[in-house]
Amino acid sequence: MPGYDLLDDRGRLRDAVVVALSPDTTPGDIVFPAGHHPSTLSTNMATDGDLAAWPFDRYVSERLTVDVWSETATGREPIAATARISNTIYGWEVTQTATTDSAVTTGFRYKITLARAPSTLAYDIMLVSILVALPALGLFVAINTVRGRRPFLAPLTGWFAIMLFAEVQLRNALPGAPPPGSWIDRSVTIWALIGLVAAMTMYVVSWWRHHDPQT
């Protein structure tokens, strides 16, 4: 957002403005050409984090340096500018932290941190809770049926099969796509599938015990 001193009467840049980010994965500087209205340009930067810690993963950039120059006929002249990070990533909270050597002059240094928004985190935890609740309900029904405390109901056999397939679909629908083999698989998904298979097996055993071919 250039100041009025950088614009002409028509709101166009008097001189080209160059923005340099370091470190930056995009080759070259960001150049806003002279005689054009300021527009939005995209760039990329690297962040460090562990996706396997989903949904509590956090990503922190290296110390980001922002330098701004005005490209005039005599060369580059530094421009006093401020870097501001806006939270425009859906489902994430983006914050910036200025280091001790940043000041109101060219050459700012910041660290950018990305963390999942509380609403997204709550949705993730809700899905994980459902993954845990399904096998718990299945085992409760199967155990009480095998022990003879509840009668065998044949339609419930299909209910167990539906829950088994729903478990896999819920795992694939987790926001953020946690990588296969992450803690959610080791601690929840595998045990939930084993619990559902065990519950379905017990219910089949109950069917075998209670089924009378003569009736």
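Residues numbered from 1 in each chain as written. Predicted model: local features only at pLDDT ≥ 70, side-chain atom pairs only at ≥ 80, totals over all residues. Heavy atoms only, no water.

- The chain appears in an unreviewed UniProt entry as DUF4436 family protein from Antrihabitans spumae.

### Quick word on the overall build of the chain
- When you go through the chain residue by residue, the secondary structure sums to three helices and eight strands.
- The linear arrangement of helices and strands in the chain, starting from the amino end, is β-β-β-β-β-β-β-β-α-α-α.
- Computed over its C-alpha atoms, the radius of gyration of the chain comes to 29 Å, more than 25% above the 17 Å expected for a compact globule of 215 residues.
- Taken along its principal axes, the extent of the C-alpha atoms in the chain is 100 × 35 × 25 Å.
- Burial statistics for the chain: of 215 residues in total, 30% are counted as buried. (Helix = DSSP H or I, 4+ residues; strand = E, 2+ residues; numbered from the N terminus. Rg over C-alpha atoms; globule rule 2.2 N^0.38 Å. Buried < 20%, exposed > 50% of the residue type's maximum accessible area, 1.4 Å probe, protein only.)

### What about the nonpolar core?
- The biggest cluster of nonpolar side chains holds 18 residues, and the ones touching the most others in it are V19, L21, F32, V66, V68 and L114.
- For this core, the elements supplying multiple residues, two or more each, are β1 (16–22), β2 (30–32), β5 (64–72), β7 (92–98) and β8 (108–116).
- Among residues more than four places away in sequence, those in contact with L114 are T47, D57, R58, Y59, I89, W92, E93 and V94.
- Counting residues in hydrophobic clusters, the runner-up holds 16 residues, among them L131, M163, A199 and Y203. (Core = buried A, V, L, I, M, F, W, Y, C linked by side-chain atoms within 4.5 Å. Contact = heavy atoms within 4.5 Å.)

### With respect to unusual backbone geometry
- Across the junction of W54 and P55, the peptide omega takes the value -5°, indicating a cis bond.
- With respect to the helices and strands, the residue P55 is situated in the loop between β3 (47–49) and β4 (58–61).

### Describing the pairing of β5
- Relative to β5, β1 runs antiparallel, the two sharing seven bridges. Paired with V17 across the bridge in β5 is S70.
- Note: β5 against strand β6 (residues 75–78), four bridges, orientation antiparallel. Bridged to E71 within β6 is R76. (Pairing = 2+ DSSP bridges.)

### Digging into the pairing of β1
- In terms of burial, β1 is a largely internal element, six of the seven residues being buried.
- Where β1 meets β2, three bridges bridge the pair, whose relative direction is antiparallel. Paired with V19 across the bridge in β2 is I30.

### Section: helix α1 (residues 118–146)
- For α1, which comprises 29 residues, the first-to-last C-alpha distance of 42 Å matches the rise-based estimate of 42 Å (1.5 Å per residue) to within 8%.
- Turning to α1, its buried residues number three or more, namely T120, D124, L127, V128, L131, L134, P135, G138, A142, N144 and T145.
- Looking at the residues trailing α1, positive phi occurs at G148, about 80°. (Expected span 1.5 Å × (residues − 1).)

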